[in-house]
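Structural characterization, general
Listed below are the residues making up each chain.
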Amino acid sequence: MRVVPEIMPCRRGHVVVKEGEATCLPLCSRPTVPGVISERACAYYGARWVLAPIPDAVHLVHGPVGCAYYGRTVRRKNYRLFSTDLSERDIVFGAGEKLYRAILETCALVPGARAVLVYATCAVGIIGEDLPGICRSAAKVVGRPVVPVNAPGFCASNQAAGHDIAARLLLEHFIGNGGGEPVENGVNLLGEFDVQGDLGEIEALLGEMGLKVICAFSGRASIAAMAQAHRARLNIVHCRRTGHLLAEGMREKFGIPYVKVSFYGLEETAAALRAISRFYSLAIAGEVVARGLRAAREKARPFLARLRGKRVGLFFGGSRMGAMAKAFRELGMEVVLAGSQFGCREDYEEAGHKVADGTVLVDDAHDRELLEFVACSQPHLWVGGTKEKFLVQKLGVPFLVFPQESAPFAGFKGFVNLARQAAGLVSAPVWRLAAGGF
Ligand code: SF4
């Protein structure tokens, strides 16, 4: 039985230990307990998470400069972002005119941009700025779509709401605007952000089966690519929290079916390729899977001895918990905790099926809880986002940042990278010197 630290009474339902298939799931999709140091991001940042990689749009944040600074770095990549830099005077008297001028100015600075995305922030939501009206007026002058992203930080309890707002916006304004017939071997990837080359790995595997990626939302989602996305025959959802609403919308609007898969881990990648090949009735998938598995197992073998039996804790965004837990189990590691900042019921159901009995499932853990989980479970490795990195490292525990920082983790080759990085971290001598290391 896993040792679980003492949990605040109002948080108790958010932490469960898996015991058999009938394990109840942690409470999720609830507001954070006021006063705790949550690891969550705001709805505005959720919208940035989805929209930031769109390369041929102007991204203009209507709000204090701090919001723009916060939204500039997404998945550790810096994007060009403009800000109206609201001050106290703007909050008191309104800043509609300032926004209008900023839209014209940014379009002059980036003449090749095909659209302008104007992000609302908390301050703008509170003063009730007429964002849609100002965007409409400016669009007539700049001659391209000026689209309000109405996701002020306070509009929901976590960043997932921003993902949904961004998805609706893409459906309404950009997806399927071009003409053209369906592309027989065309697919879209939804919820795939091309972190450190993940998209290239996935695309190569699909390419081996004769499939062509039309648009990847939003790792490779230019306005031109999105306009062609309706021509795909199948949508492949890689991340549920950022891709599901988009998939449902495209099914309703264009009749494109979708499959939810994961490309993290050997078994999940093989299952993904088999599911996609079933849709297209492709015989070649068996060969692609067999070849990929053989090569990955051989290359990962030298690292497995260092990982076997080691304990790992996982805490990051919702949808990848289950697949990553399975991937670490394939590496021979014991997953002691699988948690998420904003996972939904389906995410925890999936994770619950993929972890072993005794694994802790936790929703929206805060700083103090995470510290106590680390102390109780004594992991050899912790995996999560930048916010938790230093917290855990100070306890002398090696930390692997995910989404990853230096090489793709998706596909068969990505699994080998995961094995290499995990093995390097757990066996790095520095952790034996760190005070409190387990
Ligand atoms: S919570 Fe509000 S003020 Fe803070 S970054 Fe998000 S939008 Fe800006």
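Report on the accompanying structure. Just so we're clear, the structure is a prediction, and the values are computed from it rather than from any experiment.

It is worth spelling out the packing of helix α11 (residues 266-280) against helix α17 (residues 411-426) at this point. For the pair α11 and α17, the least separation of the axes is 9 Å and the interaxial angle reads 170°. Between α11 and α17, the crossing angle belongs to the class labelled roughly antiparallel. Residue-level inspection shows Leu 266, Thr 269, Ala 270 and Leu 273 of α11 in contact with α17, the latter providing Gly 411, Phe 412 and Phe 415. In the contact of α11 with α17, the residues fall into five nonpolar, two polar and no charged.

It is worth spelling out the pairing of strand β10 (residues 234-237) at this point. Residues Leu 234 and Ile 236 of β10 are buried on one face, and the alternating residues Asn 235 and Val 237, pointing to the opposite face, are buried as well. With four bridges joining them, strand β8 (residues 186-192) and β10 adopt parallel strand pairing. Across the sheet, the residue bridging to Leu 189 is Ile 236, located in β10. Bridging between β10 and strand β11 (residues 258-260) involves three bridges; their strand directions are parallel. Looking across to β11, one finds that Ile 236 is bridged to Val 259.

Within this structure, the stated rule accounts for seven aromatic pairs. Between Tyr 44 and Tyr 119 the ring centres are 6.1 Å apart and the planes differ by 90°, which places this aromatic pair in the edge-to-face class. Here Tyr 119 lies in strand β6 (residues 115-120) and Tyr 44 lies in helix α1 (residues 43-51), a separation of 75 residues in the sequence. With respect to class, Tyr 44 is no different from Tyr 119; both count as buried. Relative to Tyr 280, the ring of Phe 279 has its centre 5.0 Å away and its plane inclined at 85°; by these criteria the two rings are edge-to-face. Note on Tyr 280: relative accessible area 13%, which makes it buried. Here the aromatic residues Tyr 264, Phe 316, Phe 402 and Phe 409 are joined through ring pairs into a cluster of three or more.

This paragraph deals with helix α4 (residues 96-109). Taking 1.5 Å of rise per residue, 14 residues should cover 20 Å, and α4 covers 20 Å from first to last C-alpha, within 8% of that figure. Among all positions of α4, only Leu 99, Ala 102, Ile 103, Thr 106 and Cys 107 are buried. For α4, the angular spread of buried residues about the axis comes to 125°, placing them on one side. For α4, exposure combined with an orientation more than 90 degrees from the buried face picks out Glu 97, Glu 105, Ala 108 and Leu 109. Against the buried residues of α4 lie β2 (57-62), β5 (82-83), β6, α6 (131-142) and β7 (146-149).

Once that is clear, we can look at the sheet that holds strand β12 (residues 311-316). Pairing is mixed in the open sheet, where six strands are placed in the order β1-β14-β13-β12-β15-β16. Each of the sheet's edge strands pairs with one partner strand only, and the pair in question is β1 (15-17) and β16 (399-401). Taking the axes of each pair of neighbouring strands and ignoring which way they run, one obtains an average angle of 15° across the sheet. In the packing of helix α13 (residues 321-330) onto the sheet, contacts are made with β12, β13 (334-340), β15 (381-384) and β16, and the angle to β12 comes to roughly 165°.

Among all residues save glycine, negative phi is the norm, and among peptide bonds the norm is trans. Of the consecutive residues Phe 217 and Ser 218, the connecting peptide bond is found in the cis state with omega at -5°. Tracing the backbone shows Ser 218 in strand β9 (residues 212-218). A cis geometry characterises the amide bond from Phe 402 onward to Pro 403, with omega recorded as 0°. As for its placement among the helices and strands, Pro 403 is situated in the loop between β16 and α17. For Arg 75, which is not glycine, the phi torsion reads 50° and is therefore positive. Inspection of the secondary structure puts Arg 75 in the loop between β3 (73-74) and β4 (77-78). Relative accessible area serves as the criterion here: at 11%, Arg 75 is assigned to the buried category.

What counts and what doesn't
- Residues numbered from 1 in each chain as written.
- Predicted model: local features only at pLDDT ≥ 70, side-chain atom pairs only at ≥ 80, totals over all residues.
- Heavy atoms only, no water.
- Axes fitted to C-alpha atoms, helices over the stretch in contact; angles between N-to-C directions.
- Helix = DSSP H or I, 4+ residues; strand = E, 2+ residues; numbered from the N terminus.
- Parallel < 35°, antiparallel > 145°, perpendicular 65-115°, else oblique.
- Contact = heavy atoms within 4.5 Å.
- Nonpolar A, V, L, I, M, F, W, Y, C, P; charged D, E, K, R; others polar.
- Buried < 20%, exposed > 50% of the residue type's maximum accessible area, 1.4 Å probe, protein only.
- Pairing = 2+ DSSP bridges.
- Phe/Tyr/Trp six-rings, centres within 6.5 Å; stacked < 30°, edge-to-face > 60°.
- Expected span 1.5 Å × (residues − 1).
- Arc of directions from axis to C-beta.

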